[in-house]
Amino acid sequence: MGILHRFKNWLTASKRPIEALGHPDLYPIDIEQITIELDLLEKAKDLGQKGLPAPDAKMLTGSEADIVRTIERHRQGNVNWAVRRLAVLSEAMSKQQMTLQVNQARQADEEFNRKANLRLADFEARLRASGMQARVHQEELESFRALNRLTRQSRHQSALRSILALAIVGIFILIEGAANATLFAQGLDGGWLEGLVIAMLFAAVNVVLAFVVGKYLLRQLFHRSWPRKFVGIAGAVLGLLSVGCMALLTTHYRDSLTAGVENAATVAFRSVVVQPLMFSDIFSVILCVLSVGFGVAAMVDGLFSDDLYPGYGSASRRAQKSLEEYEADLAEAREELEQLKEGALAEFDGIVSRSRGVIASLQNCIEDKRTTASRLSTAMHDVDHSLSALLRRFRTENEKHRGGVPRPAYFDEYPALTQVPLPNFDIEPDLASLETRRNMVEALVAEAQDIRARIQASFSQQFDSLKTLDANFTNKEGT
């Protein structure tokens, strides 16, 4: 019967790991479970029926010793849990550092000023170079205006308009070439394709030459200097002659091809010299008119591709380009200065927020430390109470079955448990440290507005230094 009972107890025994006994919240001591595990009642009955322990016995029975060992194991487990918990809390509290960050936050304006000075020192050489170039080009433009007595603003074309002027030249070449290709094809064995190639060649020479004359020679008509005006008059005559000659050469070359003569180019040249206005048919007249029209249009396009006053457009563009380059450098410096300011303010706000988080974490750790001490005290008290409860249960059951044999005197006493050193849960130093840090954070929060204002003031000072550079290096009036 005893063997079957012990087998049943083994099946119903707790499967908790030994270390689990050290967590009084999850695994509080269970008197009923220990009674079953140690088979206390059955053993107490067996011993009582045998008159054991003897009336004069002074030592604990094996079952009573098992009770003491079990209780002491629970006590040690609770202490081990408290030690581990205290170590975790101490490590967590030691990581909550904020003094260095708070001191850095108080000097945020000085740190911003230092970084701003370093970055502006890098930009200063660039700004001086680009600003000096802008000022030189501006002075050159003002000198040009004074020398030529110009009071109006330059009407020079933008980069897009200049590209468009060149694109128009290309369009003229394509249109004139395509239009003349059909007329040339009538006298060529290669048909329209060969006619297109020859027509494109004539159109390119005609249009490009007219555009160059209009852009560089014809514009001299608008110069204040009479010698330059004469150059412009000569350019106009030269442009018209070039357009007329190219139109006649193109037309007579087509007539020679249509007539099927050998050496068509030579015959065409002689025809231009001897009888320039003698055309073979109406298509030749159309070809001549088209060539003259596109040539004149290209000359006008070249004339209006820039300011009409010679040199004014290029001088204005140089001044404008160098000013734009300087302003781009200045804008980049200001943008980086703005980013530094925003970064400094964000870092300061982050330190304030993290410092408040440190205070909250420390408060939680201290409260957890206080709670852990209380839980350990309660658990140890419960374990001590469980010792007397288990021993009373065993001894009472034993007395019921002793059959009149007197109980031993030591049944009236309870054995002393081994003293277990308890971890130190003193929170007074922690509270003092918390108070010091809280005062530090409160002082930082109280200074927050002043620190932000100092960062903004430092930013304004650095920004004003950029405006001073802007005023010293450039004079934007009249550009």
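Keep in mind it's a predicted model, so treat the numbers as computed, not measured. Along each chain, residue indices are assigned from 1 in the same order as the chain's sequence is written. Only residues with pLDDT of at least 70 get local features here, since the model is predicted, and only at 80 or more are side-chain atom pairs given and counted; chain-wide, interface and lining totals rely on the full set of residues. The side-chain numbers reported here are obtained from all heavy atoms of the structure, hydrogens and water having been left aside.

Asks: Describe a nonpolar patch on the surface, and please don't skip the residues or the numbers.
Replies: Judged by side-chain polarity, L221, F222, W226, F230, I233, V237 and L241 come together as a nonpolar surface patch covering roughly 690 Å² of accessible area. Numbered from the N terminus, helices here are DSSP runs of H or I no shorter than four residues, and strands are runs of E no shorter than two. Inspection of the secondary structure puts L221 in the loop between α8 (191-217) and α9 (226-259). Patch membership needs two things, relative accessible area over 30% and no salt bridge, and members are linked within 9 Å if like-charged or within 5 Å if nonpolar (Val, Leu, Ile, Met, Phe, Trp, Tyr). The Shrake-Rupley method, run with a 1.4 Å probe, gives the accessible areas here. Residue values count only the displayed protein chains as cover. Any Lys or Arg side-chain nitrogen located within 4 Å of an Asp or Glu carboxyl oxygen qualifies as a salt bridge.

Asks: An account of the packing of aromatic side chains is needed here, citing residue identities and associated values.
Replies: Pairing of aromatic rings covers Phe, Tyr and Trp, the last through its six-membered ring, and needs centres within 6.5 Å; plane angles under 30 degrees mean stacked, over 60 mean edge-to-face, and all others mean tilted. This model, assessed by the stated rule, comprises four aromatic pairs. Between the aromatic rings of F144 and Y309, the centroid separation amounts to 6.1 Å while the plane-to-plane angle is 85°, which identifies the pairing as edge-to-face. One end of the pair, F144, is in helix α6 (residues 108-148); the other, Y309, is in the loop between α11 (282-303) and α12 (312-400), and 165 residues separate them in sequence. Like F144, the residue Y309 is buried in the burial classification. Ring centres of W226 and F230 lie 6.1 Å apart, and the angle between their planes is 45°; this geometry places the pair in the tilted category. Separated by four residues within a single helix, W226 and F230 lie in helix α9, roughly one turn from each other. Grouping residues by exposure puts W226 and F230 together as exposed. Both a distance and an angle decide whether a charge sits over a ring: NZ of Lys or CZ of Arg must be within 6 Å of the ring centre and within 35 degrees of the ring normal. The positively charged end of K229 is found above the aromatic ring belonging to W226, 5.6 Å away from the centroid. The ring of F459 is capped by K341, whose NZ or CZ atom sits 4.6 Å from the centre of that ring. When accessible area is computed with a 1.4 Å probe and restricted to protein chains, residues below 20% of their type maximum are described as buried, those above 50% as exposed, and intermediate ones as partly exposed.

Asks: Go over the packing of helix α5 (residues 99-106) against α12, please, and point to the residues and values.
Replies: Only C-alpha atoms enter the line fits that serve as axes; for helices the fit covers just the stretch in contact. Angles between N-to-C directions range over 0 to 180 degrees. For the pair α5 and α12, interaxial distance at closest approach is 10 Å and the crossing angle is 145°. Taken as a pair, α5 and α12 cross one another with a handedness that is left-handed. Within the contact between the two elements, α5 uses Q101, V102 and A105 and α12 uses F348, I351, R354 and S355. In this classification, Asp, Glu, Lys and Arg are treated as charged, Ala, Val, Leu, Ile, Met, Phe, Trp, Tyr, Cys and Pro as nonpolar, and every other residue, Gly included, as polar. For the contact of α5 with α12, the per-class residue count stands at four nonpolar, two polar and one charged. Note on convention: near helix rotated counterclockwise from far helix by under a right angle means a left-handed crossing. Clockwise means right-handed. By definition, residues are in contact when any of their heavy atoms lie within 4.5 Å.

Asks: Residue-level account of the layout of surface pockets, with values.
Replies: In the cavity and pocket records, a cavity denotes points on a 1 Å grid over the protein atoms alone where a 1.4 Å probe fits but cannot get out, a pocket denotes an open set with protein on both sides within 12 Å along at least 5 of 7 lines, and lining residues are residues with an atom within 4 Å of a point. Grid points are joined across faces, edges and corners, and a volume is the space filled by probe spheres set on the points. Each pocket or cavity is described by its volume, and for the largest pocket that value is around 280 Å³. As for the largest pocket, its lining consists of 14 residues, of which Q104, A108, E111, K115 and E347 are closest to the centre. If you list the elements that add at least two residues to the lining of the largest pocket, you get α5, α6 and α12.

Asks: Provide a residue-level description of unusual backbone geometry, including the pertinent values.
Replies: Here the residue pair L52 and P53 is connected by a cis peptide bond, since its omega of -5° sits within 30 degrees of zero. Mapped onto the secondary structure, P53 falls in the loop between α3 (40-49) and α4 (62-94). Unlike most non-glycine residues, D39 shows phi in positive territory, near 55°. Following the sequence through the fold, D39 ends up in the loop between α2 (31-38) and α3. Assessed through its relative accessible area of 8%, D39 is described here as buried.

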